[in-house]
Amino acid sequence: MLRNAYRDDDREWEGDAYAYRGGGGGFGGGPLWKKLLIGAGVLIGAGILAVAIFLIAALQGLPSLTELQDYEPPVTSRVHAGDGALVAEFAREQRVFVPIEQIPDHVKNAFVAVEDARFFEHSGLDYAGIARAMLSNVGNVLSGRRLEGASTITQQVAGNMLTGRAAECSGGMGGLFCALYTKLREGLMAQRIERALDKDRILELYLNQIYLGNRAYGVAAAALNYFDKSLADLTVAEAAYLAILPKGPANYQLPRHHDRAVDRRNYAIGRMLDRGYITEAQAQEARAAELVATNRLAGDQFIAASHFVEEVRRQVQAQYGDDALYDGGLSIRSTLDTRLQLAAARALRSGLEAYDRRHEWRGPLGAGDPSGDVQEQLGEADAPPQLTGWRRAMVTAASGNAITLTDEAGETGRVLNEDVQWAAQGARREESRALRRGAIVYAERGQNGRYALRQVPQIQGALVAMDPNTGRVLAMVGGYSFNEATGLNRATQAMRQPGSAFKPIVYAAALDYGLTPATLIDDGPLAIEAGDGTNWSPENYSRQYYGPTTLRRGLELSRNAMTARIAYEMGPERVLDYGRRLGVYGDDTQAVFALALGAGETTLTRLTTAYAMFVNGGRWVQPVVIDRIQDRNGQSVFRRDQRECPGCNDAWNRQAPPSVADTRQQVLDPITAYQIVSMSEGVVTRGTATVVNSLGAPMGGKTGTTNDYKDAWFIGYSSDLVVGVWTGFDRPINMGEGETGGRIAAPIFRDFMREALRDVPPTPFRIPGGVRLVRVDYNTGLLPGPETTQTILEPFRPDTEPTRQETNSPFVFGGTDPIDPRVLSGLGDAIGPMEGVGPQGASPPPSSTGAGELGELY
């Protein structure tokens with residue numbers, strides 16, 4: 001036998017065996033079995049060490065028993081309208097937490113029967129199920145299929161809430177290792193959960209935490225999102241459907257996978273029957289039930305409230321942060337009136353569409369092939385705006401004035417003749433706008449089967465309605481439709497020039513300055529030095545001048561020249577002061593004469609709030625969109641009204657209602673406020689907003705139009721509701737000759753108020769104490785005389801009313817020299833500001849009365 005020997009220091013080879021010597025130790029000599037035994041021991045020790053390290057790693061980061069006992073899952077924050085109707089939800093995980101005692105037995109039993117039949121028997125792990133899944137997963141790995149699981153409900157609680165899911169692991173050997181590691185963590189956590197919590201608490205966490213598709217986490221959210229029901233109202237069939245969703249909600253999505261969902265639901269019903277949870281009769285009834293899901297929060301009232309809801313979201317997020325808003329389960333009681341909000345959205349849209357119809361047809365949406373599948377092609381076109389009732393339609397025949405449409409519902413009809421002419425006018429400007437065969441358009445089908453053409457307006461607008469006594473915003477629409485990408489709310493964010501809609505504030509300053517509604521002002525041409533070497537020479541809308549005119553008629557007819565004359569005499573500082581004290585302008589606005597004609601920038605909400613202070617007698621209010629916020633436990637964390645109310649919580653025993661102090665600051669003299677209300681009633685009955693007079697109820701308001709027709713406003717009110725409307729293009733451009741506030745904005749106000757005041761008896765405006773109502777000549781402001789043709793009941797401050805007929809020419813404010821009003825420099829001292837009324841330098845009162853900054857829209 002050939003023997004080779006090799007020696008090199010400590011190593012020695014001999015034949016087919018070897019010994020290792022050196023380094024202070026080794027296997028040494030001896031039988032082979034001993035060496036193998038030692039090697040096996042080393043391997044076992046290494047394996048034990050590896051398992052120990054694996055277990056230590058798996059235990060890292062697992063919650064303690066105390067954390068488990070105190071665990072609260074994220075809960076959806078919900079926004080309710082003033083009448084309690086749900087209008088929005090905010091959540092990262094849409095969840096409504098329901099205690100186990102309030103979850104019906106048939107709901108609990110459905111999930112137990114499908115997910116973990118031995119839930120009440122095991123201690124957290126189903127060992128037989130785990131072994132079965134491991135054997136199956138060997139084949140799944142080799143074939144590339146998805147790995148199976150055998151998780152108990154307790155393990156799913158651990159996996160869904162605390163450790164991550166095995167389903168997130170990829171395939172292959174790496175995926176198998178990931179799945180084993182995750183399952184180990186779930187098992188360890190399940191054991192810990194079983195020691196810390198009882199079965200009811202574990203099931204409660206599971207049923208409130210599990211993801212069930214359709215944005216729903218937990219059974220309560222799923223019941224709402226799938227069936228628009230509370231848990232107590234779910235049928236056995238509906239509960240069985242929800243119970244099949246944890247394994248894969250997308251596999252049973254309705255209505256896409258209806259048949260598959262019904263088959264799996266019936267399987268769940270069978271499992272409930274096998275476990276004795278339901279009777280055979282209940283099972284048969286459940287199997288026969290239709291399976292239909294509803295689309296909650298998708299109705300018109302929810303779509304209409306989008307801008308309002310976004311304003312609520314902004315305020316809560318700014319005050320409490322993202323975690324409280326999206327995970328904290330806040331109950332937010334808003335000021336929204338759902339009926340008025342829907343009316344506001346419809347009125348604004350109708351008004352913007354009416355403006356758009358007065359202008360050009362801009363052409364079809366696109367083109368298709370009328371010889372192909374028309375419905376399929378229409379389905380690929382952009383959907384029409386919500387709330388409109390429009391349809392997508394294709395021109396399938398076109399011959400002269402006879403245009404035939406086929407819509408997405410498969411119905412066919414001809415286009416109205418006037419609409420054909422409208423489109424033809426647009427086509428004469430651009431040939432691409434013509435209604436040829438294949439053109440795809442929006443259309444609205446009438447009861448007679450004829451179609452009206454529709455297009456989305458490019459003009460924008462906003463509407464806000466509020467209670468003038470409290471500032472509670474009842475409706476808010478920030479545009480023709482809601483843009484989710486930007487969330488732009490033109491009611492609160494768009495800074496625009498109010499034009500003549502600012503004049504009531506100028507006239508309020510004038511009344512406090514000593515003028516009366518009957519004071520005559522010279523309506524003539526004038527030039528005021530602007531301070532930069534130029535002259536400011538405002539003109540009336542008609543470009544004519546009318547001579548001596550009462551303050552009332554100047555407001556009713558929106559006279560620019562006489563308003564500028566008043567502003568010159570008072571000074572621009574006083575005009576700005578009143579704009580600030582009523583919250584229209586901020587500290588960054590400069591005192592210039594052009595402010596009197598609305599040249600400063602403000603928002604619709606600011607200006608509407610200022611008008612509210614006329615209606616409520618001069619009391620400071622601020623716009624409010626949130627009344628109260630409660631946390632997930634029902635504790636109030638915010639309450640708008642901070643006033644004390646002794647006796648409000650007492651049991652009623654026919655005693656008088658408690659008296660609550662009015663803590664609103666007086667920012668305008670009540671008599672001045674009423675005089676403006678009375679004068680603005682004339683705007684509706686005789687002035688620039690007579691379109692509103694058709695409502696047949698006491699109304700006041702003021703139109704506003706800026707230079708070059710870039711903005712059109714109307715702010716109006718009844719005795720208990722103030723409404724502001726603005727229209728214009730986002731990038732200010734000329735809206736067209738004659739497109740004034742009276743033509744665009746006032747009809748929107750009228751249409752909204754018609755719905756808002758439905759079934760509400762007409763109520764006159766409240767007259768404060770001290771007002772003296774005197775019948776005067778409408779044209780001269782004096783007591784009626786032989787030449788009087790029209791009289792009016794005018795409100796005066798005591799001792800300012802006319803006491804006799806004047807036979808000579810009446811005093812005219814500013815009548816000395818209509819070309820250069822600087823000669824009037826001493827007149828202000830003669831009739832000066834009233835003592836104690838409208839102090840110079842006044843600014844808006846603090847925006848808060850202990851309620852924080854929530855609700856500020858300025």
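Our structure's up above, just so we're on the same page.
All values reported here derive from a predicted model rather than from experimental measurement.

The rules behind these values
- Residues numbered from 1 in each chain as written.
- Predicted model: local features only at pLDDT ≥ 70, side-chain atom pairs only at ≥ 80, totals over all residues.
- Heavy atoms only, no water.
- Helix = DSSP H or I, 4+ residues; strand = E, 2+ residues; numbered from the N terminus.
- Contact = heavy atoms within 4.5 Å.
- Axes fitted to C-alpha atoms, helices over the stretch in contact; angles between N-to-C directions.
- Parallel < 35°, antiparallel > 145°, perpendicular 65-115°, else oblique.
- Left-handed = near helix turned anticlockwise from the far one by under 90°.
- Nonpolar A, V, L, I, M, F, W, Y, C, P; charged D, E, K, R; others polar.
- Buried < 20%, exposed > 50% of the residue type's maximum accessible area, 1.4 Å probe, protein only.
- Pairing = 2+ DSSP bridges.
- 1 Å grid on protein atoms, 1.4 Å probe; cavity = no way out; pocket = protein on both sides within 12 Å on 5 of 7 lines; lining within 4 Å.
- Points joined across faces, edges and corners; volume = space filled by probe spheres on them.
- Core = buried A, V, L, I, M, F, W, Y, C linked by side-chain atoms within 4.5 Å.
- Phe/Tyr/Trp six-rings, centres within 6.5 Å; stacked < 30°, edge-to-face > 60°.
- Lys NZ or Arg CZ within 6 Å of the ring centre and 35° of its normal.

Participant: Is there a simple way to think about the overall build of the protein chain in this case?
Facilitator: Within the protein chain, the regular secondary structure consists of 25 helices and 28 strands. If you take every contact in the protein chain between residues at least 6 apart in sequence, the share linking residues at least 24 apart comes to 69%.

Participant: Quick question: what am I supposed to make of the packing of helix α18 (residues 503-513) against helix α22 (residues 604-615) here?
Facilitator: Each pair of packed helices gets described by two things: the angle between the helix axes and the distance between those axes. Contact pair α18 / α22: the axes reach a minimum separation of 10 Å and the direction vectors enclose 40°. Compared by their axis directions, α18 and α22 come out oblique. In this structure, α18 crosses over α22, and the sense of that crossing is left-handed. Residues Pro504, Ile505 and Ala508 of α18 touch α22, and the partners they reach there are Leu607, Ala610, Tyr611 and Phe614. Class assignment of the residues belonging to the contact of α18 with α22 gives a composition of 7 nonpolar, no polar and no charged.

Participant: Whenever I open this one, helix α20 (residues 560-570) confuses me. Can you help?
Facilitator: Burial of α20 is extensive: 11 of the 11 residues sit out of reach of the surface. Among the residues trailing α20, glycine 571 stands out with phi positive, at a value near 100°.

Participant: How should I be thinking about the sheet that holds strand β22 (residues 636-639) in this particular structure?
Facilitator: Sheet strands pair via backbone hydrogen bonds, and the direction of the pair is either parallel or antiparallel. If you walk across this open sheet you meet the 5 strands as β5-β4-β8-β21-β22, and the pairing is mixed. Only two strands of the sheet have a single partner each, and these edge strands are β5 (86-90) and β22. Here the average twist between neighbouring strands, direction ignored, is 15°. Note that strand β21 (residues 626-630) and β22 share 3 bridges and pair antiparallel.

Participant: I tried to follow empty space enclosed by the protein on my own but got confused; where do I start?
Facilitator: In this approach the atoms are scanned with a rolling probe the size of a water molecule, which exposes any empty space left behind. Considering all chains together, one arrives at 1 cavity of 30 Å³ or more under this definition. Looking at the largest cavity, its volume works out to about 40 Å³. Forming the boundary of the largest cavity are Pro517, Ala518, Thr550, Arg552, Val776, Asp777, Tyr778, Gly781, Ile792 and Glu794. Elements that contribute at least two residues to the lining of the largest cavity include exactly β26 (772-777) and β27 (791-796). Of the residues contributing to the lining of the largest cavity, the split by class is 5 nonpolar, 2 polar and 3 charged.

Participant: Got a minute to help me understand the nonpolar core in this structure?
Facilitator: Side chains of a nonpolar character, in soluble globular proteins, are inclined to be buried together. Membership of the largest hydrophobic core comes to 116 residues, with the highest contact counts inside it found for Ile505, Tyr507, Phe614, Val692, Val723 and Phe752. Among the elements that make up this core, the one with the highest residue count is helix α15 (residues 338-357) (9 residues). Sequence-distant contacts of valine 723, defined by excluding residues within four places in its chain, comprise Leu463, Val464, Ala465, Thr608, Phe714, Ile715, Gly716, Phe749, Phe752 and Met753. Ile193, Ile202, Ala220 and Ile269 belong to the second largest nonpolar core, which has 55 residues in total.

Participant: Help me understand the packing of aromatic side chains in this model?
Facilitator: Aromatic ring pairs are defined here through the distance separating the ring centres and the angle between the ring planes. On inspection of all chains with the given rule, the structure shows 16 aromatic pairs. Ring plane angle 70° and centroid distance 6.3 Å describe the contact between tyrosine 355 and phenylalanine 729, whose orientation is recorded as edge-to-face. With tyrosine 355 in helix α15 and phenylalanine 729 in the loop between β25 (722-728) and α24 (745-756), the pair connects residues that are 374 residues apart, well separated along the chain. On the basis of relative accessible area, tyrosine 355 is assigned to the buried category, the value being 5%. Here the basic side chain of lysine 199 rests over the ring of phenylalanine 119, its NZ or CZ set 4.4 Å away from the ring centre. The lysine or arginine in question, arginine 357, covers the ring of tryptophan 422, its NZ or CZ lying 4.2 Å from the ring centre.

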